[in-house]
Amino acid sequence: MADTCSQMLLGSGLTVLSHPLMYIKVLVQVGHEPLPPSLGRNLFGRQVYQLPGFFAYAKHIVTIDGKAGLFKGLAPRLCAGTIGTLVHSKVLQNYQKADKTEEPGNSQKEDLSSLQQVVKETAREMVARSCATIVTHPFHVITLRCMVQFIGRETKYSGVFDSVVTIYREEGILGFFAGFIPRLLGDVISLWLCNMLAHLINTYVLDNSMSHVGEIKNCSQAVTGFFASMLTYPFLLVSNLMAVNNCGLAGGLPPNAPAYPSWVDCWRTLSREGNMSRGNSLFFRKMPAGKMYAVDQKRFF
């Protein structure tokens with residue numbers, strides 16, 4: 001229980017610190033570009049048209065809503081983080097209790113190969129994360145809609161309870177799970193990719209006789225995690241777009257955004273337009289090739 005509480009406190013602190021970053025990322029993901037591109041230089045000193053990065057975007061938000069404006073949607077996100085940690089921890093604890101109730105002679109940990117052990121642990125982690133995602137997704141939807149209100153200056157989603165009532169009244173239960181399928185798929189694929197790649201590197205590339213092999217294995221886990229998150233980023237993008245799509249907010253309605261019939265249609269549209277990585281980076285953002293900036297609508301076409 002103490003470990004769970006410490007995880008919740010640490011997670012809440014990191015959530016607060018990283019919230020402005022997520023807020024701006026979401027606005028970029030939905031295509032909102034309030035500042036026009038400017039002429040600058042890339043890492044190689046070449047002159048290119050660049051889009052405003054995180055700091056310029058944050059400064060723009062502060063001039064409109066003040067510093068507190070950078071923390072829109074923080075309350076439901078904190079709720080999601082806290083509840084998700086509890087659910088995730090509870091599921092893993094149940095697996096541990098089930099292992100302890102097995103007879104000592106039936107313990108399989110020593111009999112399993114390293115690959116089988118990784119598969120077993122990854123499968124359990126997948127179940128724990130999936131349960132946490134199911135429970136917390138409604139708060140995730142509310143968080144995203146609170147953020148996207150910045151585009152149309154709406155106040156439709158002003159609090160957690162009021163937002164729950166609004167979504168249920170207008171969209172029913174399914175409204176709380178808008179964008180759920182691509183988010184779950186992305187989480188599951190990312191988890192398996194990360195753990196399988198890390199296992200292959202640790203087993204067939206690294207030599208256990210090497211010095212500091214433990215630190216190197218931890219580093220390989222972090223690298224594979226980053227690589228997996230990059231590959232599955234389109235699932236996160238599609239999930240966030242579907243969570244705010246056609247929900248009554250200007251940021252999720254034409255002309256700011258198409259009305260997607262399904263998340264598959266959203267995926268196809270983004271792929272056709274070359275926008276599958278939109279919002280993936282908030283620094284050194286270059287102007288999309290072949291697109292024109294519409295000053296009145298504050299987006300690219």
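See the structure above.
Since this is a predicted model, take the numbers as computed values, not measurements.

Undergrad: Would you mind showing me how to read the layout of surface pockets here?
TA: Approximately 1,600 Å³ is the volume found for the largest pocket. In this structure, the largest pocket is lined by 42 residues; those nearest its centre are Arg-77, His-140, Arg-183, Asp-187 and Leu-236. Listed by contribution, the elements that provide at least two residues to the lining of the largest pocket are α1 (2–29), α3 (74–101), α4 (114–152), α6 (180–204), α7 (213–231) and α8 (233–244). No other element matches the 12 residues that α1 contributes to the lining of the largest pocket. By volume, the second largest pocket amounts to about 820 Å³. Around the second largest pocket, the lining is made up of 35 residues, and of these Gly-274, Asn-275, Arg-278, Pro-288 and Lys-291 lie nearest the centre. Contributing elements (two or more residues each) for the lining of the second largest pocket: α8, α9 (263–273) and β4 (299–300). Class assignment for the residues of the lining of the second largest pocket results in 17 nonpolar, 11 polar and seven charged.

Undergrad: So what exactly am I meant to see when it comes to empty space enclosed by the protein here?
TA: Empty pockets left among the atoms are what a rolling probe the size of a water molecule brings to light. This structure, assessed with the given rule, holds one cavity of 30 Å³ or more. In this structure, the largest cavity occupies an estimated 40 Å³ of space. Together, Met-126, Arg-129, Ser-130, Thr-133, Leu-184, Asp-187, Val-188 and Leu-191 line the largest cavity. Of all elements in the fold, only α4 and α6 reach the threshold of two or more residues within the lining of the largest cavity. Tallied by class, residues from the lining of the largest cavity come to four nonpolar, two polar and two charged.

Undergrad: Looking at this model, I keep getting lost on the packing of α6 against α8. Mind explaining?
TA: In a packed pair of helices, the relevant descriptors are the angle between the two axes and the axis-to-axis distance. The N-to-C vectors of α6 and α8 enclose an angle of 160°; their axes lie 8 Å apart at closest approach. One element, α6, and the other, α8, form an angle in the roughly antiparallel class. Two packed elements cross with a definite hand, and for α6 against α8 that hand is left-handed. Seen from α6, the contacting residues are Pro-182, Arg-183, Leu-185, Gly-186 and Ile-189; seen from α8, they are Phe-235, Val-238 and Ser-239. Per-class residue counts for the contact of α6 with α8 are five nonpolar, two polar and one charged.

Undergrad: Hey, could you run me through unusual backbone geometry in this one?
TA: For residues other than glycine, phi is negative in most cases, and the peptide bonds are mostly trans. Going from Pro-254 to Pro-255, the amide bond is cis rather than trans, its omega being 5°. Examined against the element boundaries, Pro-255 turns out to sit in the loop between α8 and α9. In this structure, Arg-153 takes a positive phi of about 60° despite not being glycine. Inspection of the secondary structure puts Arg-153 in the loop between α4 and α5 (160–171). Of note in this structure, Asn-246 is not a glycine but carries a positive phi near 55°. Judged by relative accessible area, Asn-246 falls into the partly exposed class, the value being 49%.

Undergrad: Hey, could you run me through the pattern of salt bridges in this one?
TA: Side chains bearing opposite charge may pair, as long as their charged atoms lie close to each other. Inspection of the entire model under this criterion finds seven salt bridges. Residue Glu-33 pairs with Arg-285 through a salt bridge whose shortest N-O separation is 2.4 Å. Remark: Arg-285 occurs in the loop between α9 and β3 (293–294) and Glu-33 occurs in the loop between α1 and β1 (38–41); sequence separation between them is 252 residues. Exposure remark for Glu-33: the relative accessible area of 4% places this residue in the buried category. Residue classification places Arg-285 among the buried residues on the basis of a relative accessible area of 9%. A salt bridge links Arg-129 to Glu-125, with the shortest nitrogen-to-oxygen separation between them at 2.9 Å.

Undergrad: Just checking my understanding: could you explain a nonpolar patch on the surface for this structure?
TA: Taken together, the side chains of Ile-134, Val-135, Tyr-168, Ile-173 and Phe-177 present a nonpolar region at the surface, about 460 Å² in accessible area. Within the secondary structure, Val-135 sits in helix α4.

Undergrad: Would you mind showing me how to read the environment of Phe-284 here?
TA: With respect to the helices and strands, the residue Phe-284 is situated in the loop between α9 and β3. For Phe-284, a relative accessible area of 64% translates into the label exposed. For the pair Phe-284 and Gly-186, spaced 98 residues apart in sequence, the C-alpha to C-alpha distance is 25 Å.

Undergrad: Looking at this model, I keep getting lost on the side chain of Asn-195. Mind explaining?
TA: As for its placement among the helices and strands, Asn-195 is situated in helix α6. Within the structure, the side chain of Asn-195 is placed 2.9 Å from the side chain of Thr-122, a separation counted as a polar contact. Aside from chain neighbours lying at most four places away, what touches Asn-195 is Val-118, Thr-122 and Gln-221.

Undergrad: What should I look at first to understand the nonpolar core in this one?
TA: Where a protein is soluble and globular, its nonpolar side chains tend to be buried together. Ranked by internal contacts, the top residues of the largest apolar core, which has 37 residues, are Ile-24, Leu-27, Ile-61, Cys-266 and Leu-270. For this core, the secondary structure elements donating two or more residues are α1, α2 (54–65), α4, α8 and α9. Looking at this core element by element, the count peaks at eight residues for α4. Here Cys-266 is in contact with Val-238, Leu-241, Met-242 and Tyr-260, once residues within four sequence places are set aside.

Rules used throughout
Residues numbered from 1 in each chain as written. Predicted model: local features only at pLDDT ≥ 70, side-chain atom pairs only at ≥ 80, totals over all residues. Heavy atoms only, no water. 1 Å grid on protein atoms, 1.4 Å probe; cavity = no way out; pocket = protein on both sides within 12 Å on 5 of 7 lines; lining within 4 Å. Points joined across faces, edges and corners; volume = space filled by probe spheres on them. Helix = DSSP H or I, 4+ residues; strand = E, 2+ residues; numbered from the N terminus. Nonpolar A, V, L, I, M, F, W, Y, C, P; charged D, E, K, R; others polar. Axes fitted to C-alpha atoms, helices over the stretch in contact; angles between N-to-C directions. Parallel < 35°, antiparallel > 145°, perpendicular 65-115°, else oblique. Left-handed = near helix turned anticlockwise from the far one by under 90°. Contact = heavy atoms within 4.5 Å. Buried < 20%, exposed > 50% of the residue type's maximum accessible area, 1.4 Å probe, protein only. Salt bridge = Lys/Arg side-chain N within 4 Å of Asp/Glu carboxyl O. Patch = residues over 30% accessible without salt bridge, like charges linked within 9 Å, V, L, I, M, F, W, Y side chains within 5 Å. Areas by Shrake-Rupley, 256 points an atom, 1.4 Å probe, with all protein chains shown as cover. Polar contact = N/O pair within 3.5 Å; in protein donor to acceptor, adjacent residues only side chain to side chain. Core = buried A, V, L, I, M, F, W, Y, C linked by side-chain atoms within 4.5 Å.

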